[in-house]
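Chain by chain, the residues run as shown.
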Amino acid sequence: MHILVTVLGAAGDEILSTDAWIAGAVGVEERDNDLQIAFSDPEAGAAFAETTGGAIDQVADDTGLDEWRTHATTYQAGPFTIRPPWLPQTQLPDLVIDPGRAFGSGSHASTRLAVELLSDQLCVLTDQVVSSPRVADIGCGTGVLAVAAATLGATCVGVDVDPAAIDATTANAIANGVAATIEVRPGSVKEAYGTYELVVVNVTIDVHEAIAADFRRHLAAGPVIVAGLLAGPQEQRAADAYNAKIVERRQQGEWVGLVLHLHDATPSNR
C-alpha cells in the first residue's frame, strides 16, 4: 500500500513539489487544483501531511502514480527539446527522458536552467579546445544533465543515492545512445571522486549545504553549476557552502542557476 497525501489548492506549487521529493515521495501528480503526493513510507507520508495540512488516504501500490504521463509534454532547455519516449519527435536536437520513479523530467525550471548553463559552459570548453571534457552530475536523478552533456561530446560520471535514479539514468543513457560515455555510480558525492572540467549539482539548498564539504574534499573541478536555488539568500548560501565566487547568474521565475568558480583547495583521492 501507498500513503496518498492530497494538498488542496496546491497544484503548480513547485516549492511544495520539491519539498515532497525531499521528504521521500515516490510520485507527485496534479489533480485539478490539488497536489497529490504518494509515499511508500507511512511515517514519511504522515509527517508530510501534518506539515502541509494534507489529507491522507491509503491506496494500492502505484495507483494513480503514472497518470501524469497522459499530460506530459515537451520542454525547451538550452539547445534541446526534452520529451518523454511516448511522445513523437518534434525537432532536433532532442533528449528522450523517461523519469521512471526519479526526479528530473526536464520540466522543472531548475532543470532547464541547469541544462542551459551546462550547454553554454561546454561551448566555452570547446572554444578552449578541450577534447571530450569530463563532467560530473551530482544527484543525477533521471540523468537529463548527464545525457545532455554526453550528447554535446562530454564524458560523464553521474551519482545519486536513490536506486530509482540510477536505473533511470542508465536507461535514459541507453535510450539516447550515450551509454558508452556515461558512468553511473550509486552513492553520495564521495563516489564522484576525480577531476572534472565541469560539475553540475541540481539539488535543493539544504542538500547543497550538506554535501559541499565532501564535494571540496573529493572533487577537483573547473566551473561548478549549481541549481535548485530560490532567488534571494539561497544564492549566497550556496556560494559560501562551496567556498566559491558567483561568476554567472540566471533566473526563471523564482528559481536561480549559478556558475561558481571554486577558491583554491586540494581534494583527497577518495
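Up top is the structure.
Remember, it's a predicted structure, so these values are computed and weren't measured experimentally.

## Describing the packing of helix α3 (residues 109-127) against helix α4 (residues 144-151)
For any two helices packed against each other, the geometry comes down to the angle between their axes and how far apart the axes lie. The N-to-C vectors of α3 and α4 enclose an angle of 25°; their axes lie 10 Å apart at closest approach. When the interaxial angle is binned, α3 and α4 end up roughly parallel. Here the hand of the crossing between α3 and α4 comes out right-handed. Counted together, Thr111, Ala114, Val115, Leu118 and Leu122 of α3 and Val144, Leu145, Ala148 and Ala149 of α4 form the full contact between these two elements. Each residue belonging to the contact of α3 with α4 can be placed in one class, and the counts come to eight nonpolar, one polar and no charged.

## Details of the sheet that holds strand β7 (residues 94-96)
Reading across the sheet, the three strands line up as β5-β6-β7 and stay open at both edges, with mixed pairing between neighbours. Each edge of the open sheet carries a strand with a single partner, namely β5 (75-77) and β7. Put simply, the sheet's adjacent strands are angled 30° from each other on average, direction ignored.

## A look at the environment of Ala241
Along the chain, Ala241 falls in helix α7 (residues 233-242). Residues Ala241 and Ala212, 29 residues apart in the sequence, show an inter-C-alpha distance of 5.8 Å. In this structure Ala241 touches His208, Glu209 and Ala212, once residues within four positions along its chain are discounted.

Parameters and conventions
Residues numbered from 1 in each chain as written. Predicted model: local features only at pLDDT ≥ 70, side-chain atom pairs only at ≥ 80, totals over all residues. Heavy atoms only, no water. Axes fitted to C-alpha atoms, helices over the stretch in contact; angles between N-to-C directions. Helix = DSSP H or I, 4+ residues; strand = E, 2+ residues; numbered from the N terminus. Parallel < 35°, antiparallel > 145°, perpendicular 65-115°, else oblique. Left-handed = near helix turned anticlockwise from the far one by under 90°. Contact = heavy atoms within 4.5 Å. Nonpolar A, V, L, I, M, F, W, Y, C, P; charged D, E, K, R; others polar. Pairing = 2+ DSSP bridges.

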